[in-house]
Amino acid sequence: MSTVDKTAVPTGDEMAGMTQEELARLGARLDGVELVEYGPRFEADSPAEKRAERQVAKWFLLSAASALAFILIFVMWPAGYQDPFSSRQWIYALFTPLLGITLGAAILCLGIGVMSIARRIAPHEIAVQQRHVGPSADHDRRTLGAELMDTLDKTGLKTRRGVLKSSLLLAGGGLASAAILAPIGGLIRNPWAQGKDSELWVTPWKPAADGTLVRLTMQDGSFVRPEDLATGSLMTVFPGVPGGATASDAAVMLFRLRPNEPIRVRTGQDGFNYGEFFAFSKICTHVGCPVSLYEDQTGRVLCPCHQSQFDIHDGAKPVFGPATRPLPQLPISVDQEGYFVAVHDFIEPVGPGFWESFQGSTPWGSHPEVQPQPKPVFPPFGQLPKENP
Amino acid sequence: MQAHSGGRFRRRSKALRRVTGLVGLVLALAVLGVGYSAFAPTGNSAAAGPVDAETIAHGKSLFDTSCISCHGANLEGVDGKGPSLIGAGQAAVYFQLATGRMPAKANGAQMPRAIPVFNQQDIDAIAAYVQSMGGGAQLPGSIDIANADLAKGAELYRLNCASCHNFTGKGGALSQGKYAPPLNQATNTEIYAAMLSGPENMPTFSDAQLTPTEKLDIIKYVRASNDTISPGGYDLGGFGPAPEGLIAFLVGMGVIVSITLWSGSRS
């Protein structure tokens, strides 16, 4: 600051008489920078200059060559997919790294080249810059503060003008609400508006209007028989209706538990199983990830997203992690032809449980076909319900 | 001036040595990797040999010395130690013995893979003995994935296996210290045997649920997943975007900061 103050700005006439170098030094001085040493690094056309020039040009040439290599590889490399059993997999796998290396080298060499211009060719200089230490001067700070507060006082915003202030607040709040509503408002819907046909009550497992029950199918569409599952196995099944395998709320895990395993079922869900076959929704009741890390011996299924664990031997009750509701159980049986069918739809919403606090009862209303029930109660361990297909 | 340029020369040759050293290291690692993949054992055979009374008797004698304390004299299991093996089948025995998980070395959440104790002949004998006690799932004579459908295998793998073993086959954690092991060490036959028998906490996949053809498709996908050369260079263990982002951030930022500091200190 002091340097700037001391340097008088020359008049236009004075500047007209100055050389280019003098003007450059003046500019630096006006910015508070004193050039102690300043001048060309080499004599023009000296061998040293030529050598420096070559050293810089080397980087630019390398950059250009890398860029050219990138273009050639991009255009000419035989980059068609080769599967891992092919001996030409190396050629395919090298394509991306080669593009990265050549383009990266082109950028890097260009950067190094530019840096070495500054280091090897640009004028040799030693500059000293005066820097002021600490905060602004006392008088600067006092006057600025006074200026701001005086404006505020004279406008009257500090003590008076209540209408002005509240209307401004209203305007800001209104604008903010409008801005939020535009993108979010469309997402807010009443999920129970359609009564018993509401989205959360209905999945593709719902029997058809004529009473036809929905069969359990594998991913390829084939129906499932009890004998298809070995003891201690898990099969992901889908409703045998068009679009069933892709519906987001329909995926179900069909378990065959060991015959002597002590199993508890949830109150009101007796007979939902078919012998040792149990079907539970695959959609986690936390945030809807597919749970299917099945531990065959402990009877737990784990959700990979947030480590919720459900005990299949105990009504799919959550035993660990953030999920709070059991996995909804699908009532299953076997039809005349020996294939698994869903007896009716789930009796509670599938997936994330934020719409209802517990089974069958919500702040918005109850399931139209199921009596509202208090929080599910599990019978004590000794009293196992009879299971009989 | 002379001394100065001499110093520069020395420094440059040191840098040169470092660069050549690095290149040499990379080359040596590459040669090692290629060499390993060329010589690593890939062959496997679990084709059930001729089963006769003599083999079964040999299997029983091995069982009586190595397995009896946990699985019982008549394969009925020992409470609190080991499960019954009646009906466990040849595939289960092959998997457990060929991967060295059995005979168990120590108690734990889960038996780790280890160097097998028994040779192929002994494994076949014990398997034949267990198979003779109540039957169970058996491996097919040959497991040939040459004509298997890779794309179908990938689909089935994602539906049935990926939740525990990771879609790159790297395995993953289960509850209370248990884990789904990585699949890169398992041979084709071991993978087949695991699907058939559902070892430890793995569910069983009967031939009706996944047909033998589908099992071969899945094995082909596992092999392909293991043998794929990562197109991004190094795959950082195949664990996905979290470690990749971490390394990109730490290493990338670190390199940029170091270069900046270095170039600043030189000018």
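Fair warning: this is a prediction, and the values are worked out from it, not measured in the lab.

Every contact between the two is made by 32 residues of chain B and, on the other side, 36 residues of chain A. Summing both partners gives a buried area of about 2,800 Å² for chain B against chain A, and 56% of it is carried by carbon and sulfur. Joining chain B to chain A, the criterion identifies 1 salt bridge. Linking chain B to chain A there are 13 residue pairs in polar contact (both at pLDDT 80 or more). Listing elements by their share of the side of chain B that touches chain A, those giving two or more residues are helix H6 (150–160), helix H7 (162–165), helix H9 (212–227) and helix H10 (241–266) of chain B. Top element by residues in the side of chain B that touches chain A is H9(B). It accounts for 5 residues. A class-by-class count of the residues in the side of chain B that touches chain A yields 12 nonpolar, 11 polar and 9 charged.

Residue and element names in this part refer to chain A. Per the stated rule, a full pass over the model turns up 11 aromatic pairs over all chains. Ring geometry for phenylalanine 255 and tyrosine 294: centres 4.8 Å apart, planes at 65 degrees, overall edge-to-face. Here tyrosine 294 lies in strand E7 (residues 293–295) and phenylalanine 255 lies in strand E5 (residues 252–256), a separation of 39 residues in the sequence. On the basis of relative accessible area, tyrosine 294 is assigned to the buried category, the value being 2%. Ring plane angle 10 degrees and centroid distance 6.3 Å describe the contact between phenylalanine 278 and phenylalanine 280, whose orientation is recorded as stacked. Taken together through their ring pairs, the aromatic side chains of Phe255, Phe278, Phe280 and Tyr294 make up a single cluster. The ring of phenylalanine 223 has arginine 215 sitting right over it, with the charged end atom 4.6 Å from the ring centre. Over the face of the ring belonging to tyrosine 339 we find arginine 225, whose NZ or CZ atom lies 4.6 Å from the ring centre.

Turning our attention to the sheet that holds strand E6 (residues 277–281) of chain A. Residues and elements named next belong to chain A. Sheet architecture is open: 6 strands sit in the order E6-E5-E4-E3-E12-E11, paired in antiparallel fashion. The sheet is open, and its two edges are formed by E6 and strand E11 (332–334), each paired on a single side. Here the strands of the sheet are splayed against their neighbours by 40 degrees on average, with no regard to which way each runs. By the bridge criterion, 5 bridges tie E5 to E6 in an arrangement that is antiparallel. Within the sheet, the bridge partner assigned to arginine 256 lies in E6 and is phenylalanine 277.

Before going further, it helps to examine the state of the cysteines. Enumeration according to the criterion identifies 1 disulfide over all chains in this entry. Across the disulfide from Cys289(A) sits Cys305(A); the S-S distance is 2.0 Å. Handedness of the Cys289(A)-Cys305(A) disulfide follows from its S-S torsion of about -100 degrees: it is left-handed. Of this pair, Cys289(A) sits in the loop between E6 and E7 while Cys305(A) is found in the loop between strand E8 (300–302) and strand E9 (309–311), placing the two residues 16 residues apart along the sequence. Using a relative accessible area of 13% as the deciding quantity, one classes Cys289(A) as buried. Looking at Cys164(B), it has no disulfide partner, and the nearest cysteine sulfur is the one in Cys161(B), 9.1 Å off. Here Cys164(B) falls in the buried class, since its relative accessible area comes to 15%.

Judged by nonpolar contacts, the single largest core of 44 residues is most densely connected at Leu139(B), Tyr157(B), Ile218(B) and Ile219(B). Two domains each put at least three residues into this core: domain 2 (45–142) and domain 3 (149–187 + 204–230 + 238–260) of chain B. Val224(A), Phe238(A), Leu330(A) and Val350(A) belong to the second largest nonpolar core, which has 23 residues in total.

A pair of packed helices can be characterised by two numbers: the angle between their axes and the separation between those axes. All names here are of chain B. Here helix H4 (residues 89–98) crosses helix H5 (residues 120–132) at 145 degrees, and the two axes come no closer than 8 Å. Judged by the twist between their axes, the crossing of H4 over H5 is right-handed. Contacts from Gly89, Gln90, Val93, Tyr94, Leu97 and Ala98 of H4 reach H5 at Gln120, Ile123, Ile126, Ala127, Val130 and Gln131. In terms of residue class, the contact of H4 with H5 is made up of 8 nonpolar, 4 polar and no charged.

Further remarks concern the confidence of the model for chain B. All names here are of chain B. Scored by pLDDT, chain B comes out at a mean of 82, with 82% of its residues at no less than 70. Low pLDDT, under 50, characterises residues 1–8; the stretch is placed with 1 contact to residues that sit more than four places away or in other chains. Low confidence marks residues 40–49, where pLDDT is under 50. Its contacts with residues over four positions away, or in another chain, come to 13 contacts. Two numbers describe this predicted complex: its pTM, 0.71, and its ipTM, 0.70.

Further remarks concern the sheet that holds strand E10 (residues 317–320) of chain A. All names here are of chain A. Taken together, the 4 strands give an open sheet; going across it, the order is E7-E8-E9-E10, and neighbouring strands pair in antiparallel fashion. What marks the edges here is a single partner per strand, and that holds for E7 and E10. Each strand axis lies, on average, 30 degrees off the axis of its neighbour in the sheet, ignoring direction. Two elements, E8 and E9, share 3 bridges in a ladder whose sense is antiparallel. Note that in E9 the partner of arginine 300 across the bridge is aspartate 311.

All names here are of chain B. Under the domain assignment, chain B is made up of domain 1 (9–40), domain 2 (45–142) and domain 3 (149–187 + 204–230 + 238–260). For domain 2 and domain 3, the distance between their C-alpha centres works out to 29 Å. Taken residue by residue, the interface counts 6 residues in domain 2 and 7 residues in domain 3. With both chains or domains summed, domain 2 and domain 3 bury close to 540 Å², and 44% of this area falls on carbon and sulfur atoms. Sorting the residues of domain 2 by area buried against domain 3 places Ala109, Gln110 and Arg113 first, and these three jointly supply 77% of that buried surface. Where domain 2 touches domain 3, the interface holds 0 salt bridges.

What counts as what
- Residues numbered from 1 in each chain as written.
- Chains lettered and ligands numbered in written order.
- Predicted model: local features only at pLDDT ≥ 70, side-chain atom pairs only at ≥ 80, totals over all residues.
- Heavy atoms only, no water.
- Contact = heavy atoms within 4.5 Å.
- Buried area = accessible area lost by both parts, 1.4 Å probe.
- Salt bridge = Lys/Arg side-chain N within 4 Å of Asp/Glu carboxyl O.
- Polar contact = N/O pair within 3.5 Å; in protein donor to acceptor, adjacent residues only side chain to side chain.
- Helix = DSSP H or I, 4+ residues; strand = E, 2+ residues; numbered from the N terminus.
- Nonpolar A, V, L, I, M, F, W, Y, C, P; charged D, E, K, R; others polar.
- Phe/Tyr/Trp six-rings, centres within 6.5 Å; stacked < 30°, edge-to-face > 60°.
- Buried < 20%, exposed > 50% of the residue type's maximum accessible area, 1.4 Å probe, protein only.
- Lys NZ or Arg CZ within 6 Å of the ring centre and 35° of its normal.
- Pairing = 2+ DSSP bridges.
- Axes fitted to C-alpha atoms, helices over the stretch in contact; angles between N-to-C directions.
- Disulfide = S-S within 2.5 Å.
- Core = buried A, V, L, I, M, F, W, Y, C linked by side-chain atoms within 4.5 Å.
- Domains from an automatic or database assignment.
- Left-handed = near helix turned anticlockwise from the far one by under 90°.
- pLDDT = per-residue confidence, 0-100.

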